[in-house]
Amino acid sequence: MKRIIIVMSLLCSVMLGEACTSAIVSGSLTANGRPLLWKNRDTNDQNNRVERVKAHDGLYEFVGLFDARDLRDTAAWMGFNEKGFAIMNTASYNLNNDNVPEKDMDKEGVVMRMALERCVTVDDFEKLLNDLPKPMGVEANFGVIDAQGNGAYFETGNYKYVKYDLKDEPSGIITRTNYSYSGVKDKGYGYVREKNEQYLLKKHIAAKDITPSVFTEEISRTFYHSVLGKNYNNGSQRYVVDQDFIPRRISTASTVIEGVLPGEDASLTTMWIALGYPPCADIHMVNTGEGGVPAELSGTGQDNHSPQCDKVQKRKSEVFSLKRDNGKQYVDLSKLYNKKGTGYCQTLVKENMRKYAEGYKMLEEKRKKLQQK
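**Considerations on the overall build of the protein**
Then, in step 1: Helix and strand counts for the protein stand at 7 helices and 17 strands.
Then, in step 2: Here the protein has a C-alpha radius of gyration of 19 Å; the compact-globule value for 373 residues is 21 Å, and the two agree.
Then, in step 3: Dimensions of the protein, computed from C-alpha atoms along their principal axes, come out at roughly 60 × 55 × 45 Å.
Then, in step 4: For the protein, the proportion of its 373 residues judged to be buried stands at 57%.
Then, in step 5: Across the protein, the fraction of contacts at a sequence separation of at least 24, relative to all contacts at a separation of at least 6, is 66%.
Then, in step 6: Approximately 16,000 Å² of the protein is accessible, and the part contributed by carbon and sulfur atoms is 50%.
Then, in step 7: On the protein, the mean spot of the 52 positive side-chain charges and the mean spot of the 49 negative ones are 4 Å from each other.

**Points about the environment of methionine 114**
Then, in step 1: On the secondary structure map, methionine 114 appears in helix 2 (residues 108-118).
Then, in step 2: For methionine 114, a relative accessible area of 0% translates into the label buried.
Then, in step 3: In this structure, the C-alpha to C-alpha distance between methionine 114 and leucine 59, residues 55 residues apart in sequence, is 9.2 Å.

**Let's talk about the nonpolar core**
Then, in step 1: Among the nonpolar cores identified, the biggest contains 27 residues, and Phe85, Ile87, Phe125, Phe142 and Phe154 are the most heavily contacted of them.
Then, in step 2: Listed by contribution, the elements that provide at least two residues to this core are strand 4 (62-67), helix 2, helix 3 (122-131), strand 7 (140-145) and strand 8 (151-156).
Then, in step 3: For this core, the element with the highest residue contribution is helix 2, accounting for 6 residues.
Then, in step 4: In this structure isoleucine 87 touches Leu37, Met78, Gly79, Met112, Ala115, Leu116, Phe125, Phe142, Gly143 and Val144, once residues within four positions along its chain are discounted.
Then, in step 5: Judged by nonpolar contacts, the second largest core, of 26 residues, contains Tyr232, Tyr277, Leu336 and Cys345.

**Some details on unusual backbone geometry**
Then, in step 1: With omega at 0 degrees, the peptide bond leading from lysine 134 into proline 135 counts as cis.
Then, in step 2: Along the chain, proline 135 turns up in the loop between helix 3 and strand 7.
Then, in step 3: Its identity as a non-glycine residue notwithstanding, cysteine 20 has a phi of 95 degrees, on the positive side.
Then, in step 4: Tracing the sequence through the fold places cysteine 20 in the loop between helix 1 (2-11) and strand 1 (21-25).
Then, in step 5: With a relative accessible area of 0%, cysteine 20 lands in the buried category.
Then, in step 6: Even without being a glycine, asparagine 304 presents a positive backbone phi close to 70 degrees.

**Overview of the pairing of strand 5 (residues 78-81)**
Then, in step 1: What you see with strand 5 is no split at all: Met78 and Phe80 on one side and Gly79 and Asn81 on the other are buried throughout.
Then, in step 2: Here 3 bridges tie strand 4 to strand 5, and the two strands are oriented antiparallel to one another. By the bridge assignment for strand 5, valine 63 is matched with phenylalanine 80.
Then, in step 3: Note: strand 5 against strand 6 (residues 86-91), 3 bridges, orientation antiparallel. Directly across from methionine 78, in strand 6, lies its bridge partner methionine 88.

**Comments concerning the sheet that holds strand 2 (residues 36-42)**
Then, in step 1: Strand order in the open sheet formed by 6 strands is 10-1-2-14-15-16, and the pairing between neighbours is antiparallel. Two strands lie at the open edges of the sheet, namely strand 10 (173-176) and strand 16 (283-286), each paired on one side alone. For this sheet, the mean angle separating the axes of adjacent strands, direction not counted, is 15 degrees.
Then, in step 2: Across 6 bridges, strand 14 (residues 251-258) lies against strand 15 (residues 270-275) in antiparallel orientation. Pairing of serine 254 across the sheet is with alanine 274, part of strand 15.

**Digging into the pattern of salt bridges**
Then, in step 1: What the rule picks out here adds up to 24 salt bridges.
Then, in step 2: The residue glutamate 61 makes a salt bridge to arginine 52 at a minimum N-O spacing of 3.1 Å.
Then, in step 3: For glutamate 61, a relative accessible area of 12% translates into the label buried.
Then, in step 4: Among the salt bridges present, the one from glutamate 126 reaches lysine 163, with a minimum N-O distance of 3.3 Å. Taken together, the residues glutamate 126 in helix 3 and lysine 163 in strand 9 (residues 161-165) connect sequence positions 37 residues apart.
Then, in step 5: A single salt-bridge network, built from bridges that share partners, covers Arg34, Glu264, Glu364 and Arg367.

Rules behind the numbers
Sequence order as written defines residue numbering, which begins from 1 separately in each chain. Only residues with pLDDT of 70 or above have their local features reported here, since the model is predicted, and side-chain atom pairs are shown and tallied only from 80 upward, although totals for entire chains, interfaces and linings are computed over all residues. Excluding hydrogens and water, the side-chain values take into account all heavy atoms of the structure. Numbered from the N terminus, helices here are DSSP runs of H or I no shorter than four residues, and strands are runs of E no shorter than two. Note that the radius of gyration is over C-alpha atoms, with the globule rule given as 2.2 Å times the number of residues to the power 0.38. Accessible area is worked out with a 1.4 Å probe on protein chains only. A residue is then buried under 20% of its type maximum, exposed over 50%, and partly exposed in between. A contact between two residues is defined here by any heavy atoms of the two lying within 4.5 Å. Methods summary: accessible areas were calculated by the Shrake-Rupley approach with a probe of 1.4 Å, and residue burial reflects only the protein chains presented. Under the convention used here, Asp and Glu are negative, Lys and Arg are positive, and both His and the chain ends fall outside the count. Where a charge lies is defined by one atom per residue type, namely NZ (Lys), CZ (Arg), CG (Asp) and CD (Glu). Residues belong to one nonpolar core when they are buried, are Ala, Val, Leu, Ile, Met, Phe, Trp, Tyr or Cys, and are joined through side-chain atoms within 4.5 Å. Should DSSP find at least two bridges between two strands, the strands are taken to pair. Inter-axis angles, ranging from 0 to 180 degrees, are taken between N-to-C directions of lines fitted to C-alpha atoms, where helices are fitted over the stretch in contact. Salt bridges are counted wherever a side-chain nitrogen of Lys or Arg sits within 4 Å of a carboxyl oxygen of Asp or Glu.

Laid out in structure tokens, this is it:
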């Protein structure tokens, strides 16, 4: 307990609040029986990177998504560790009703780094929440999975949390955006985005064929609006207002962590990430261990930037090219989808699906080698 208090004190720094759209998927709904943890990250901090943090002082090695400006890697915004434990969050805006000062808030990323360094199971994370000093300085929906196939959301405020266990959900999937089911009714944000997500996933839930690519190549690149009942991906309209779609101007990554089957080696846990504005992003496979994080994803560029993220940011500038007045609120969909088939989504998805096929081939080879030991 004393160690946790010390770490919280040393690592806490003010981080910008997050939005995000997310899901936890049971292996009963996936094409290969492995659970999935997905987050479409929305944040004003547009320069994200992926880093491997080596094991040290009895803590676990992990891979995390960090802000470029966070030079000490104090706050992880999604990640997984060598034991197959994975975590992410979505900010909630209807849980806390207290007088905790603003300077003592925004510790979600700090808590997630602590979890990645210490937790093996979903139960471990619950114990961590119980042990943390109160107030915790958080208001979030934490989503977690482990190598035993367990998953849960913890709707967590400063003093308490409510757990939603995946095994208690008959549908096999739980979704969260920027409000908590246990919070104040009709407060918070993301109600429309959650409806968008549920609509787009409906056919995959029925077919039980969900894969990481369903999230990175479909859900995070689809401009479907549940209130308007319209999908703008057909290329018939050039400009639309950027509001209540899953991919947003402030979206910085679409990340899926694919767990393992019970009994499988935890080293097979894999992150599939479209870093940068998801509709313009390439897919990369990430694992723990030496060489598990491609160099272009990490902070090897100027100002600790990821070269890959910078590349995608340049593409994004074409999509949000209007600068005057409220121009930044308008998406130029012709840069993503058009009749010629030259939009970023149209060309990148084809290449990304090839990368998925290559990645799964590598995983299968690794799986066979591990079985032979």
